[in-house]
Amino acid sequence: MMKKRITVSSRQMATLFLSFLTGSAIVNIPAPLTGAAKNAAWISLWMANGCGMLLLFCVLYLHRKYPDQTLIQYSRQAIGRLLTFIIAIPFFLMSLMMLSNIVGDIGGFFKSTMMRETPTYVFHLLVLFTAAMTVRSGIEVMARMFTLLLILILFFSVAVLLLTIPSYHVEFLRPLFPDGFKPVLHGAYIAWGFPYAELILFTMVLPFVRKDQEPLGKFMFLALLISGISLTLVIMCTIMALGATAGNIKFSLFTIARLIELAEVIERIESVIGLALIAGSYMKATIVLFAINLGLCQLFQLPNERILIFPIANLVLLLSMSMFRNELEFSEHVGMVWPLFITVAGVVPILLLTIVTAFKSRRNEVPRD
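Residues numbered from 1 in each chain as written. Predicted model: local features only at pLDDT ≥ 70, side-chain atom pairs only at ≥ 80, totals over all residues. Heavy atoms only, no water.

1. Comments concerning the overall build of the chain
Put simply, the rule is: To qualify as a helix, a DSSP run of H or I must reach at least 4 residues; to qualify as a strand, a run of E must reach at least 2; elements of each kind are numbered from the N terminus. We call a residue buried when its accessible area falls under 20% of the maximum for its residue type, exposed when it is over 50%, and partly exposed in between, using a 1.4 Å probe and counting protein chains only. When checking whether two residues touch, look at their non-hydrogen atoms; a contact exists if any pair is within 4.5 Å. Only the protein chains shown count as cover for residues, and all accessible areas are computed by the Shrake-Rupley method using a 1.4 Å probe. Only four residue types enter the charge count, namely Lys and Arg as positive and Asp and Glu as negative; His and the chain termini do not. A charged residue contributes its charge at one atom only: NZ of Lys, CZ of Arg, CG of Asp or CD of Glu.
Counting its secondary structure elements, the chain contains 14 helices and two strands. Along the first, second and third principal axes, the C-alpha atoms of the chain reach 75 × 45 × 40 Å. By residue count, 54% of the 369 residues in the chain fall in the buried class. Counting contacts in the chain only where the partners sit at least 6 residues apart, residues at least 24 apart contribute 85% of the total. Carbon together with sulfur atoms contributes 68% to the accessible area of the chain, which is approximately 16,800 Å² in total. Side chains of the chain give 28 positive and 19 negative charges; the mean places of these two sets differ by 12 Å.

2. As for the pattern of salt bridges
What counts here: We define a salt bridge as a side-chain nitrogen of Lys or Arg found within 4 Å of a carboxyl oxygen belonging to Asp or Glu.
Inspection of the entire model under this criterion finds four salt bridges. As a salt-bridge pair, Arg 144 and Glu 140 come within 2.8 Å of each other at their nearest N and O atoms. Of this pair, Arg 144 and Glu 140 both sit in helix 8 (residues 139-163), four residues apart, roughly one helical turn. Residue class for Glu 140 comes out partly exposed when judged on its relative accessible area of 27%. A salt bridge links Lys 284 to Glu 198; the shortest N-O distance between them is 2.3 Å.

3. Digging into the packing of aromatic side chains
The criterion, for reference: In this scheme Phe, Tyr and Trp rings, the latter by its six-membered ring, pair at centre separations within 6.5 Å, and the angle between planes marks the pair as stacked below 30 degrees, edge-to-face above 60, and tilted otherwise.
Per the stated rule, a full pass over the model turns up 16 aromatic pairs. Both rings, one in Phe 129 and one in Phe 310, keep their centres 6.3 Å apart while their planes meet at 40 degrees; by these two values the pair is tilted. Remark: Phe 310 occurs in helix 13 (residues 309-322) and Phe 129 occurs in helix 7 (residues 120-137); sequence separation between them is 181 residues. In this structure Phe 310 comes out as partly exposed when scored by relative accessible area, which is 30%. Centroid distance Phe 324 to Phe 330: 5.4 Å. Interplanar angle 80 degrees. Geometry classified as edge-to-face.

4. Quick notes on a nonpolar patch on the surface
How we decide: Only residues whose relative accessible area exceeds 30% and that take part in no salt bridge are eligible for patches, with like-charged residues grouped when within 9 Å of each other and nonpolar side chains (Val, Leu, Ile, Met, Phe, Trp, Tyr) grouped when within 5 Å.
Taken together, the side chains of Phe 85, Ile 89, Leu 93, Phe 300, Leu 302 and Ile 307 make up a nonpolar region of the molecular surface, amounting to roughly 520 Å² of accessible area. By the secondary structure assignment, Phe 85 is in helix 6 (residues 81-112). For Phe 85, a relative accessible area of 37% corresponds to the partly exposed category.

5. Let's talk about helix 12 (residues 270-299)
Inclusion rule: Multiplying 1.5 Å by the residue count of a helix minus one yields the expected span of that helix.
In this model, helix 12 (30 residues) spans 43 Å end to end at C-alpha, consistent with the 44 Å of a helix rising 1.5 Å per residue. Just beyond helix 12, the residue with positive phi is Gln 301, at close to 55 degrees.

6. Examining the packing of helix 4 (residues 41-65) against helix 9 (residues 182-193)
When two helices pack together, you describe them by how their axes are tilted relative to each other and by the distance separating the axes. The line we're drawing: Each axis is a line fitted through C-alpha atoms, taken for helices only over the stretch in contact, and angles between the N-to-C directions span 0 to 180 degrees. Any angle between 65 and 115 degrees counts as roughly perpendicular, while under 35 counts as roughly parallel, over 145 as roughly antiparallel, and the rest as oblique. Take the far helix as your reference; a near helix turned counterclockwise from it by less than a right angle gives a left-handed crossing, and one turned clockwise gives a right-handed crossing. In this classification, Asp, Glu, Lys and Arg are treated as charged, Ala, Val, Leu, Ile, Met, Phe, Trp, Tyr, Cys and Pro as nonpolar, and every other residue, Gly included, as polar.
At their nearest, the axes of helix 4 and helix 9 sit 7 Å apart, and the two run at 45 degrees to each other. Classified by the angle their axes make, helix 4 and helix 9 are oblique. Considering only the axes of helix 4 and helix 9, their crossing is right-handed. Facing helix 4, whose interface residues are Ile 43, Ser 44, Leu 45, Met 47, Ala 48, Cys 51, Gly 52 and Leu 55, helix 9 presents Pro 183, Val 184, Leu 185, Gly 187, Ala 188, Ala 191 and Trp 192. The residue inventory of the contact of helix 4 with helix 9, partitioned by class, reads twelve nonpolar, three polar and no charged.

7. Things to note about unusual backbone geometry
In this structure, the amide linkage connecting Arg 174 to the following residue, Pro 175, adopts the cis form with an omega of -5 degrees. The topology assignment puts Pro 175 in the loop between helix 8 and helix 9. Here the amide bond leading from Phe 194 into Pro 195 is cis, since omega sits at 15 degrees, within 30 degrees of zero. The backbone of Lys 38 shows a phi angle near 55 degrees, a positive value even though the residue is not glycine. For Lys 38, the location among the structural elements is in the loop between helix 3 (30-37) and helix 4. Non-glycine residue Gln 301 carries a positive phi angle of around 55 degrees. Residue Gln 301 is classed as exposed on the basis of its relative accessible area, which comes to 52%.

8. Overview of the side chain of Asn 39
Condition: We define a polar contact as two N or O atoms separated by no more than 3.5 Å, with the added condition that, inside protein, one atom must be a possible hydrogen donor and the other a possible acceptor, whereas residues neighbouring each other in sequence contribute only through side-chain atom pairs.
Relative to the elements of secondary structure, Asn 39 occurs in the loop between helix 3 and helix 4. A relative accessible area of 11% places Asn 39 in the buried class. Side-chain polar atoms of Asn 39 contact the backbone oxygen of Pro 175, separated by 2.9 Å. Ignoring sequence-local partners within four residues, the contact set of Asn 39 consists of Phe 172, Leu 173, Arg 174, Pro 175, Leu 176 and Ile 239.

9. Here we look at helix 3
Within helix 3, six of the eight residues are buried, which leaves the element mostly enclosed by the surrounding structure. Buried residues along helix 3 sit in contact with helix 2 (25-28), helix 4, helix 9, helix 10 (216-242) and helix 11 (252-257). Within two residues after helix 3, Lys 38 carries a phi angle of roughly 55 degrees, on the positive side.

10. Focus: the side chain of His 333
As for its position among the elements, His 333 is in helix 14 (residues 327-365). Look past the residues within four positions of His 333 in its chain and what remains in contact with it is Met 97, Asn 101, Phe 324, Trp 338 and Pro 339.

11. Concerning the packing of helix 3 against helix 10
The geometry of helix 3 relative to helix 10 is characterised by a closest axis approach of 10 Å and an angle of 65 degrees between their N-to-C directions. Here helix 3 is positioned roughly perpendicular relative to helix 10, judged by the angle of their axes. Note on packing geometry: the crossing formed by helix 3 with helix 10 is right-handed. Along its contact with helix 3, which presents Pro 30, Leu 33 and Thr 34, the element helix 10 presents Val 234, Ile 235, Thr 238 and Ile 239. Tallied by class, the residues present in the contact of helix 3 with helix 10 amount to five nonpolar, two polar and no charged.

That is the geometry; function is a separate question.
See the structure below:
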């Protein structure tokens with residue numbers, strides 16, 4: 001247990017949740033999803049979003065049953081210390097891989113678009129150091145800072161989509177299923193792995209929500225819905241602007257920002273989208289680092305909950321520089337391996353704990369003669 005628990009309101013927790021889901025996905029998700037599902041990418045997104053709602057229901061159910069405990073704490077209560085350790089190891093390995101993917105994606109973005117001559121590790125180091133310092137500041141600082149950053153990201157993204165209207169071709173949205181329904185399922189598989197299955201990290205964050213009269217569940221589901229709407233708009237606008245090439249361009253929102261040219265005054269504003277990607281990835285990396293650090297400290301019962309922040313950041317720096325040899329390997333990992341890995345290592349334990357908790361609660365409610 002924490003010696004001094006700093007809490008945030010339900011609205012702030014929902015803001016953190018929306019930042020986590022939408023921050024980097026708004027720039028990253030259109031390309032792989034469109035590449036897999038073509039014009040029906042938005043249908044794949046909503047299929048994954050629906051699965052995310054079911055998963056969020058399980059996460060909120062566990063939070064309601066164990067309101068002041070994290071995943072590690074209530075797992076010990078539900079299935080014992082040994083099984084907790086067994087499921088925690090792959091869970092945190094998955095979380096470390098998630099964080100290294102986020103950091104590696106930022107480095108790949110800069111290397112391929114804006115600062116090609118700068119070594120990749122410079123970007124990785126800056127993001128991880130900033131995230132580590134933010135985690136040390138506490139979740140209350142994160143909530144306040146991320147609210148402003150999220151507003152800026154959404155504002156700039158909407159501005160780019162509106163300014164690109166002259167380049168849209170509605171006919172590019174047809175046909176809806178050019179290759180049948182199987183690619184739509186593949187797209188849903190990708191969107192499930194990133195970003196919706198990743199919401200399991202909030203099993204480590206929800207205990208910090210303040211116990212007030214605000215409906216946490218309502219705000220969390222609203223954030224999930226807003227995330228789906230935002231990503232749908234970006235995907236559809238990307239398809240209308242780029243057509244069949246949308247699935248071949250990784251940072252497609254950055255690319256369509258280059259199409260903006262208004263009266264020779266407003267042009268070359270793609271750097272704004274670059275800043276949005278940096279801010280979104282930074283927010284997500286901070287939340288993941290916060291969850292990993294807290295979980296490992298609780299798993300090994302360390303007295304100081306800040307002692308592992310920088311060692312974890314250093315480990316992730318090494319992983320981000322050595323996990324993938326090139327961009328193709330990273331893309332294959334995100335599209336094929338990651339959804340399966342996070343499901344087995346992260347989602348299955350959550351479902352297991354939900355079933356065990358529900359069974360125990362029902363057994364305790366059965367009246368005895």
